[in-house]
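Single-letter residue listing:
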Amino acid sequence: MATYDDLVFTHRLFMKGYPFSRYALDPVPCTPLGKPLHEARVAIVTSAGVHLPEQENFDHSIKGGDTSFREIPNTVETQTLCESHRSPGFDHTGIQTDRNLAFPLDRFRELEAEGVIGELNDRHFSFMGSIVMPRKLIDETSVQVAKMLREDGVDVAFLTPA
Amino acid sequence: MCVQTVGLLSGAIERENISTISISLLREVTSIIHPPRALFVPFPMGFPLGAPNDPGLQHQVIRAGLALLERTDVPVLETFGNSERNVA
């Protein structure tokens, strides 16, 4: 189980001093699913820093964090995705062994085939979550992705960290 | 910071009238950010769906997350292994 106490010392100190409350969702938005799940269109959104091999790596040099995103086509072969997350704060070997650990596209394909969900969206989105200065994420890139998902007719977004 | 990023993304997406479920690896962060529906999983950082090459466990986590879609008493923060109910 991960708690602050499981983090390396420097990260633990940082997390304990970080002003998370400054970014709390207030009010908390709530969109009830307006249809049965087996009719819903689903997209995956991750902060695990995965991307196509031909896409640019996430930029590790940006001081407050890279707030950009990568569009992942639904047709991708999941295990061919690269992972360029900069954080030394987690063990990367699990995701490198199986991308589904943080980007569970093959699992959602199975749920689609079983009829548990209606269908997968044609695209999914990936960010690199090491963002300590999230203002641009809040004001720009998260809104861009949300609007694209809306235009795609997505009903449910399943979000995963790393 | 991945957990904060997921929470902030969930807020933006839910505001576009899309229902969201967030997996959380750090309860301390999620309990402050307040994404609408979050499932805290008792796994190490870097292992949000439990274990690599374990489709059964990964499906359990996903289904427990999807079960939260019924909830409108936001913010919801459930713990995997406690009260999840599988869908379908």
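Reading the values: rules and limits
Residues numbered from 1 in each chain as written. Chains lettered and ligands numbered in written order. Predicted model: local features only at pLDDT ≥ 70, side-chain atom pairs only at ≥ 80, totals over all residues. Buried ≥ 20, exposed ≤ 12 C-beta atoms within 10 Å, placed from the backbone. Helix = DSSP H or I, 4+ residues; strand = E, 2+ residues; numbered from the N terminus. Pairing = 2+ DSSP bridges. Contact = placed C-beta atoms within 7 Å. Nonpolar A, V, L, I, M, F, W, Y, C, P; charged D, E, K, R; others polar.

Caption draft 1: Quick peek at the pairing of strand 1 (residues 41–46) of chain A. All names here are of chain A. Counting buried positions along strand 1 gives five out of six residues, so the element sits mostly inside the fold. Of the pairings in the sheet, the one linking strand 1 to strand 7 (residues 156–160) comprises five bridges and is parallel in character. Across the sheet, the residue bridging to Val45 is Leu159, located in strand 7. In this sheet, strand 6 (residues 123–127) lies alongside strand 1 in parallel orientation, the contact comprising two bridges. Among the inter-strand pairings, Thr46 is bridged to a residue of strand 6, identified as Ser126.

Caption draft 2: Up close: the interface of chain A and chain B. At the interface, 55 residues of chain A touch 54 residues of chain B. Among the secondary structure elements, those contributing two or more residues to the side of chain A that touches chain B are helix 2 (93–97), helix 4 (135–151) and strand 7 of chain A. Among the elements that line the side of chain A that touches chain B, the one with the most residues is helix 4 of chain A, at eight residues. Looking at side-chain class alone, the side of chain A that touches chain B contains 36 nonpolar, 13 polar and six charged residues. Where strand 7 of chain A lies against strand 1 (residues 19–24) of chain B, four bridges are found, and the strand directions are parallel. Pairing of A:Leu159 across the sheet is with B:Ser22, part of strand 1 of chain B.

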